[in-house]
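# Observations on the model geometry
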Amino acid sequence: MALRDVLLTVAQTPHRLRRRALVTWTPEQELSEVRDRSGARMARRLEWYDLVGLGVGGMLGAGVFVTTGRVARDTAGPAVFASYVVAGVSALLSSFCYAEFAVRVPVAGGAFSYLRVTFGEFVGFFGGANILMEYVLSNAAVARSFTDYLASTCGVTEPDAWRIQVDAIADGYNALDVPAVALILLLTLCLCYSTKESSMLNMVLTAFHLLFFAFIIVAGFWNGSARNLVTPDGLAPYGVRGVLDGAAIVYFSYIGYDSASTMAEEIRDPAGALPVGITGSVLIVSALYCLMSLALCGMLPYNEITQSAPFSSAFRDKAGWKWAGGIVGAGASIGIVASLLVAMLGQARYLCVIARARLVPAWLAKVHPSTGTPMNATIFLGLCTASIALFTELQIVFEMISIGTLLAFYLVANALIYNRYAKLGTTRPLHVLLFLLLLTLGSIGFSLSRRIGGRWRWGMALFGAILVAVITIFHCTARQDVARPPSEWTVPLMPWPAAASVFLNVFLMTTLKVRSFQRFGIWSLAITVFYVCYGVHSTYTAEENEVVNVMIHHANVDIS
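Fair warning: this is a prediction, and the values are worked out from it, not measured in the lab. (Residues numbered from 1 in each chain as written. Predicted model: local features only at pLDDT ≥ 70, side-chain atom pairs only at ≥ 80, totals over all residues. Heavy atoms only, no water.)

### Focus on the packing of aromatic side chains
All told, the structure shown has 17 aromatic pairs when counted by the stated rule. Geometrically, the ring pair formed by phenylalanine 119 and tyrosine 418 is tilted, given 5.4 Å between the ring centres and 45° between the ring planes. Residue phenylalanine 119 is found in helix 6 (residues 111-119), and its partner tyrosine 418 is found in helix 17 (residues 403-423); the two are separated by 299 residues along the sequence. On the accessibility criterion, phenylalanine 119 (18% relative accessible area) is buried. Considering the side-chain rings of tyrosine 238 and tyrosine 302, the 6.0 Å spacing of their centres and the 75° angle between planes classify their relative orientation as edge-to-face. One end of the pair, tyrosine 238, is in the loop between helix 9 (195-223) and helix 10 (239-250); the other, tyrosine 302, is in the loop between helix 12 (270-299) and helix 13 (310-318), and 64 residues separate them in sequence. Residue class for tyrosine 238 comes out partly exposed when judged on its relative accessible area of 36%. With relative accessibility at 6%, the residue tyrosine 302 sits in the buried group. Site record: aromatic cluster; members linked through ring pairs are Phe122, Phe125, Phe126, Phe530, Tyr531 and Tyr534. (Phe/Tyr/Trp six-rings, centres within 6.5 Å; stacked < 30°, edge-to-face > 60°. Helix = DSSP H or I, 4+ residues; strand = E, 2+ residues; numbered from the N terminus. Buried < 20%, exposed > 50% of the residue type's maximum accessible area, 1.4 Å probe, protein only.)

And the structure:
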């Protein structure tokens, strides 16, 4: 491209932003012409039980084994189970929103597609890119924890024993994790081969993993004592604030259910399977998380829990069951493999659909004709995940995880309200947007009041009353009269579940550390710059060319 063309393109950026940033697609377009850009179609071979298995497998390995020990020791104490309850309720409400959208728009784009059909191209890209970042970072964290548990299975207690220390690299990035990289590359090859076979592998791994969970829960309660739950500083040594801060951290454990929604193109009966698979897996996993965290904190006081492979260490060092430490390490390793498999399955489909929208290079959207999988996207993200897992310490990764997920889930809940009342209903869009603004501001006011000393309880009571009043008034005045097919699943009692999801996601975001927001701000700036410099020009050029081609085609038809 000549310099003159580049300068002309840059000069047209404001015009192209106005044309593209808020443009939306209909569900019908997403299901037909946009999906056709991948070439071959993804094979529809999955049933509802595959979705439940994928959701459970995707969440179990990450949650308990990666975050529980750290949160129990440093953030919430023995009340870490309450952190899982709060995070689980928020995830369940978000899963309702995802399930309705997934039934209405059964494509592989997850939050990206739902936001794009509701709020436009830029919001969809912003939410999808954040979810994609969370996938890559959380997968890197899970892969590094796999090395810890695998070493523990072999009786090695030193956390970095199987990592290569390189003194020339900065601290935090100098423990090279070769086993984690090997695992990621192996799973990448499996995912390139077949989705159905990958699902079957996940079902087998998850079945074994559930048996290990049952063993850990029963043996943990058998060896534990209720006294450890209140010793040495009570059930919640860090107070309610610690429980809520812990909920924001463990929320990363629930990223896996989002993977289930990205399988919508590969399900035989999306309308029946998606609600069961998405919400059912969240309920099952939430119950298991609570039981596992209680079992761990019952075995030993919270201040004696190790951050690296806590369950294996608890059985080996405190319960005196050295043989159980090896079993737990093996079970955790299997669970982590299943979790990583599902998450990598989901991240590739996100990128594939973003590429269909031409917001990233189109070759990432290609589906291999023989395997029916998005092979290019799978390989590209596998290499990115392996690179981060090789260098980056878990703590650095944890500081960037959760905020992007919470933001994306917040946007999806807003999108469901707007879609239900403004796009499909008869309520004026300005009325709905005003409600969403007041809902967000009230949630921020309530959340910040909790963090301010002095008379903060009055602020919480005031903003809480305002939120209830705003939702009640909207519920009584807004209308959603458009009839839907009887087979289409919808969230009941709207707008209350979606409004509660908005509130909880905002609330949990405000509990995160300042550094998380700083790094999130840098990432958000990078997303925006990429969209302005590449995405908007790519989509504008492609869409204009399509319009011209259609006009030429119609002209030729008329002439003939």
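Back to the write-up after that little detour.
### Brief notes about the environment of alanine 79
Looking at the element boundaries, alanine 79 is found in the loop between helix 4 (48-76) and helix 5 (80-104). Using a relative accessible area of 4% as the deciding quantity, one classes alanine 79 as buried. In sequence terms alanine 79 and glycine 242 are 163 residues apart; their C-alpha atoms lie 8.7 Å from each other. For alanine 79, the residues in contact, after removing those within four places along its chain, are Leu235, Ala236 and Val243. (Contact = heavy atoms within 4.5 Å.)

### Brief notes about the side chain of serine 90
Secondary-structure assignment places serine 90 in helix 5. When near neighbours in sequence (up to four residues on either side) are disregarded, serine 90 contacts Tyr251, Leu504, Asn505 and Leu508.

### Quick word on the pattern of salt bridges
Under the counting rule described, the total for this entry stands at 4 salt bridges. Two residues, arginine 20 and glutamate 121, come together in a salt bridge whose shortest N-O distance is 2.8 Å. With arginine 20 in helix 2 (residues 13-20) and glutamate 121 in helix 7 (residues 121-153), this pair connects stretches of sequence that are 101 residues apart. Per residue, the accessibility class of arginine 20 equals that of glutamate 121, and both read buried. As a salt-bridge pair, glutamate 100 and arginine 104 come within 2.6 Å of each other at their nearest N and O atoms. Here arginine 104 and glutamate 100 lie together in helix 5, a separation of 4 residues that amounts to about one turn. Classification of glutamate 100 by relative accessible area gives buried; the value is 1%. One network of salt bridges, in which partners are shared, links Glu100, Arg104 and Arg420. (Salt bridge = Lys/Arg side-chain N within 4 Å of Asp/Glu carboxyl O.)

### Observations concerning helix 6
Each α-helix turn comprises 3.6 residues. Residues three or four places apart therefore point the same way. Most of helix 6 sits inside the fold, with 9 of its 9 residues counted as buried. Buried within helix 6 we find Ala111, Phe112, Ser113, Tyr114, Leu115, Arg116, Val117, Thr118 and Phe119. Where helix 6 terminates, the next one or two residues include glycine 120, which has phi positive at roughly 110°.

### Quick look at helix 20 (residues 496-509)
The first and last C-alpha atoms of helix 20 sit 20 Å apart over 14 residues, in line with the 20 Å expected at 1.5 Å per residue. Most of helix 20 is tucked away, with 12 of its 14 residues classed as buried. Taken together, the buried positions of helix 20 are Pro497, Ala498, Ala499, Ser501, Val502, Phe503, Leu504, Asn505, Val506, Phe507, Leu508 and Met509. (Expected span 1.5 Å × (residues − 1).)

### Description of unusual backbone geometry
Residue methionine 494 is joined to proline 495 through a cis peptide bond whose omega torsion reads 5°. Looking at the element boundaries, proline 495 is found in the loop between helix 19 (456-477) and helix 20. For arginine 358, which is not glycine, the phi torsion reads 70° and is therefore positive. If you check the backbone angles, leucine 493 has positive phi at about 60° while not being a glycine. By the element assignment, leucine 493 lies in the loop between helix 19 and helix 20.

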